[in-house]
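Below, each chain spelled out in residue letters.
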Amino acid sequence: MSLLIKNGTIVTAVDEYQADILVEGEQITTIGKNLDYKAAEIVDAKGMYVLPGGVDQHTHFSFKYGDAVVRGFETSNAAAVGGTTTCIEFINQLTGKSITESVRKFEQEKVSGIAMVDYSFHGVVTDPTDELFEEIPTLPKQGIPTIKLFMAYKGACYHSDDSAIFRALQASKDAGVTIMVHAENADLIDVLQKQCLAAGKTAPMYHAVSRPPLVEVEATQRAIYLAELAEAPLYVVHVTTKESMEVVRNSYIKGVPVYGETCTHYLTLGKENLSKPDFEGAKYVCSPALRTPEHHEALWEALRKGWLNAVSSDHCGFDWKEHKHMGFDDFTQIPNGAPGIENRLGVLWTAGVETGKISRQKLVDVFATTPAKINGLSDRKGHIGVGYDADIVLFDPKWRGTISAKTSLQGVDYNAYEGMEQSGRADKVFLRGKLIVDEGKFIGQKGQGQFIKGKPFGLCYEGLK
Ligand code: URP
Ligand code: ZN
Ligand code: ZN
């Protein structure tokens with residue numbers, strides 16, 4: 001089967017040019033001007049930007065908070081209509097089991113035959129035994145070159161202390177496994193939460209009060225010290241404050257191989273949302289907490305200048321009525337997380353490219369190219385180039401619409417960007433050469449997503465092989 005995409009403007013992380021793309025089978029085989037090939041299918045992309053399919057390196061289609069479970073991979077068509085063709089999912093290690101077993105079990109039960117976009121995995125440490133640290137160097141063979149440890153949730157099974165993080169860093173470095181951390185000081189949060197509740201401060205806005213910027217800054221710096229001591233690279237997920245970003249940037253300049261991402265909502269949504277009446281504020285309870293415009297601006301600058309290198313969704317589809325209301329009388333019981341996989345491209349374009357905060361190339365870089373590289377997928381994903389998977393988005397910059405839960409495929413009863421006027425959208429999306437979105441509508445099939453093995457040394461840090 002062959003496909004010729006003609007007359008579009010290809011955007012990569014480093015350039016932008018007009019050319020045609022020939023796809024044979026599942027891959028891009030030729031890129032050139034005025035290609036004259038009798039393809040089985042010809043698509044006219046005039047007026048469209050031709051972008052690589054997005055790689056969302058931070059998704060939670062499997063997250064539990066008490067009895068609340070998020071919407072799963074049956075809603076991954078939302079990724080497709082949002083121009084994301086690969087997601088990288090965090091899978092908790094099952095107690096007493098290896099990461100490999102935990103990931104395979106989850107894949108068999110909850111992903112394989114269901115996912116509508118391609119996928120890869122990060123392991124999440126919950127049971128830091130000697131066996132776990134011995135397993136870490138073997139993970140790249142399983143196609144899982146990344147592990148996350150949470151520093152933020154005291155009392156939760158997935159919370160890790162400094163010793164677990166340090167040992168994971170030591171175990172990972174020679175094997176090229178990337179350690180990721182959610183950096184917030186769990187002890188301080190615990191004290192501040194208890195003080196809020198004791199003072200009768202139970203509303204959603206106290207989520208932000210009990211998770212101020214400094215708890216993130218402290219943990220970010222601490223994690224970097226651990227990485228420096230272990231002489232291992234580190235990836236800090238969802239950096240949300242100016243000061244944490246500066247800690248990442250300054251440590252990198254000093255020579256520590258530390259990198260970081262931010263997320264769509266930390267660039268665009270403010271903490272005032274947590275004060276919305278009638279418990280609507282609960283929709284915006286995610287961790288770290290939403291910040292103020294000063295932080296948003298610093299994060300945009302960091303993307304422009306390369307101090308942060310990816311934008312993820314941290315997609316976490318808890319319902320407002322069914323799940324968030326568990327914390328109606330106590331904000332600490334509100335499940336943390338917000339949906340957003342469908343909106344990453346539209347919001348980045350509208351709030352970033354249209355306003356001149358980032359260039360189109362930078363959008364491609366943080367939306368697709370660098371996330372593919374960090375997670376060891378860059379030989380197949382995240383770029384429009386010969387030999388790459390034909391994961392292609394035809395982006396219509398003229399389209400206008402309003403974001404709403406009513407028209408969303410996320411399967412969640414609210415949208416954190418509800419009412420936002422969106423400029424541009426993914427008009428057509430191809431997954432390995434197959435059209436899965438047409439005129440913005442999902443037309444693909446359940447189960448068409450494939451597991452993509454990640455390769456080690458995604459951060460390509462200096463001083464190591
Ligand atoms: O609030 C969030 N981000 N929930 C999902 C889990 C996490 O911390 O990434
Ligand atoms: Zn997190
Ligand atoms: Zn997350």
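What you see is a predicted model, and the numbers here were worked out from it, not measured in a lab.

Caption draft 1: Up close: the packing of helix α7 (residues 213-230) against helix α8 (residues 242-254). Where α7 meets α8, the axes come as close as 8 Å, and the angle between the chain directions of the two elements is 20 degrees. By the angle between their directions, the pair α7 and α8 is classed as roughly parallel. Crossing of α7 over α8 shows right-handed handedness. Only E243, S244, V247, V248, S251 and K254 of α8 make contact with α7, whose side of the interface consists of E216, V217, T220, Q221, I224 and E228. Per-class residue counts for the contact of α7 with α8 are four nonpolar, four polar and four charged.

Caption draft 2: Looking closely at the nonpolar core. Counting 107 residues, the largest nonpolar core has F73, I147, L169, L234, L348 and L363 as the members making the most contacts within it. Here this core takes seven residues from α7, the largest share from any one element. The residues contacting L363, other than those within four sequence positions of it, are L345, L348, W349, V353, I358 and A368. A68, F90, A152 and F318 belong to the second-largest nonpolar core, a separate cluster that totals 19 residues.

Caption draft 3: Local environment of the pattern of salt bridges. The tally for this structure, following the rule as stated, stands at 29 salt bridges. Residues joined by salt bridges that share partners form a network here, namely E26, D118, R380, K381, D389, D391 and R432.

Caption draft 4: Spatial organisation of the coordination of the zinc ion (ligand 2). Here the zinc ion (ligand 2) is held by the protein donor atoms H182 (ND1) and H238 (NE2), which lie 2.1 Å from it. Viewed at the metal, the four donor atoms of the zinc ion (ligand 2) are separated by angles of 58 to 146 degrees, and the geometry they form is irregular. Between the zinc ion (ligand 2) and the zinc ion (ligand 3), a spacing of 3.6 Å is present. Residue H182 is found in strand β12 (residues 178-182), and its partner H238 is found in the loop between β13 (234-236) and α8; the two are separated by 56 residues along the sequence. According to the relative accessible area criterion, H182 is buried, its value standing at 1%.

Caption draft 5: Representation of the coordination of the zinc ion (ligand 3) in the model. Around the zinc ion (ligand 3), the protein contributes the donor atoms H58 (NE2), H60 (NE2) and D314 (OD), which lie 2.0 to 2.1 Å from the metal centre. In this structure, the zinc ion (ligand 3) is coordinated by four donor atoms arranged in tetrahedral fashion, with angles at the metal of 88 to 135 degrees. Considered as a linear motif, the donors of the zinc ion (ligand 3) on their single chain read H-x1-H-x253-D.

Caption draft 6: Layout of the sheet that holds strand β16 (residues 315-316). Read from one edge to the other, the open sheet built from nine strands follows the order β15-β14-β13-β12-β11-β10-β9-β6-β16, with strand pairing classed as parallel. Each having just a single partner strand, β15 (310-312) and β16 make up the two edges of the open sheet. Bridge count for strand β10 (residues 118-124) against strand β11 (residues 146-150) is two bridges, and the pairing is parallel. Residue G123 lies in a different strand from β11, and its bridge partner there is I147. Relative to the sheet, helix α2 (residues 99-111) contacts β9 (84-92), β10 and β11, its axis offset from that of β10 by approximately 140 degrees. Contacts between α7 and the sheet are confined to β12, β13 and β14 (258-263), with β13 contributing the most and set at about 170 degrees to the helix.

Caption draft 7: Fine view of the environment of E439. Within the secondary structure, E439 is located in the loop between β19 (434-438) and β20 (441-442). Between the alpha carbons of E439 and K428 there is a distance of 6.0 Å; along the sequence they are eleven residues apart. Not counting residues within four places of it along the chain, the set of residues in contact with E439 comprises R425 and D427.

Caption draft 8: Local environment of the environment of E272. In this fold, E272 is placed in the loop between α9 (264-268) and α10 (293-305). Given a relative accessible area of 53%, E272 falls into the exposed group.

Caption draft 9: Main features of the packing of aromatic side chains. Taken as a whole and judged by the stated rule, the model has 15 aromatic pairs. Above the ring of F90, the side-chain terminus of K148 is found at 3.9 Å from the ring centroid. The cationic tip of R249 hangs over the ring face of W307; the distance from NZ or CZ to the ring centre is 4.6 Å.

Caption draft 10: Region of interest: the site of ligand 1. As a matter of local geometry, ligand 1 sits amid 14 residues, with H60, Y153, H182, S287 and D314 nearest to it. Contacts to ligand 1 include Y153, whose side-chain N or O atom sits 2.6 Å from an oxygen atom. Taking H182, its side chain carries an N or O atom lying 3.0 Å from an oxygen atom of ligand 1. Out of a free accessible area of 260 Å², ligand 1 has 100% covered by protein chains. Among the elements of the structure, β6 (54-60) and β11 are those that each provide at least two residues to the shell around ligand 1. The class makeup of the residues in the shell around ligand 1 is five nonpolar, seven polar and two charged.

What counts, and where the lines are drawn
- Residues numbered from 1 in each chain as written.
- Chains lettered and ligands numbered in written order.
- Predicted model: local features only at pLDDT ≥ 70, side-chain atom pairs only at ≥ 80, totals over all residues.
- Heavy atoms only, no water.
- Axes fitted to C-alpha atoms, helices over the stretch in contact; angles between N-to-C directions.
- Helix = DSSP H or I, 4+ residues; strand = E, 2+ residues; numbered from the N terminus.
- Parallel < 35°, antiparallel > 145°, perpendicular 65-115°, else oblique.
- Left-handed = near helix turned anticlockwise from the far one by under 90°.
- Contact = heavy atoms within 4.5 Å.
- Nonpolar A, V, L, I, M, F, W, Y, C, P; charged D, E, K, R; others polar.
- Core = buried A, V, L, I, M, F, W, Y, C linked by side-chain atoms within 4.5 Å.
- Buried < 20%, exposed > 50% of the residue type's maximum accessible area, 1.4 Å probe, protein only.
- Salt bridge = Lys/Arg side-chain N within 4 Å of Asp/Glu carboxyl O.
- Donors = N, O, S within 2.8 Å, 3.2 Å for Na, K, Ca; no water.
- Tetrahedral: all angles 85-135°; square planar, octahedral: opposite > 155°, others 65-115°.
- Pairing = 2+ DSSP bridges.
- Phe/Tyr/Trp six-rings, centres within 6.5 Å; stacked < 30°, edge-to-face > 60°.
- Lys NZ or Arg CZ within 6 Å of the ring centre and 35° of its normal.
- Near = heavy atom within 4 Å.
- Polar contact = N/O pair within 3.5 Å; in protein donor to acceptor, adjacent residues only side chain to side chain.
- Areas by Shrake-Rupley, 256 points an atom, 1.4 Å probe, with all protein chains shown as cover.

Just geometry here; none of it tells us what the structure is for.
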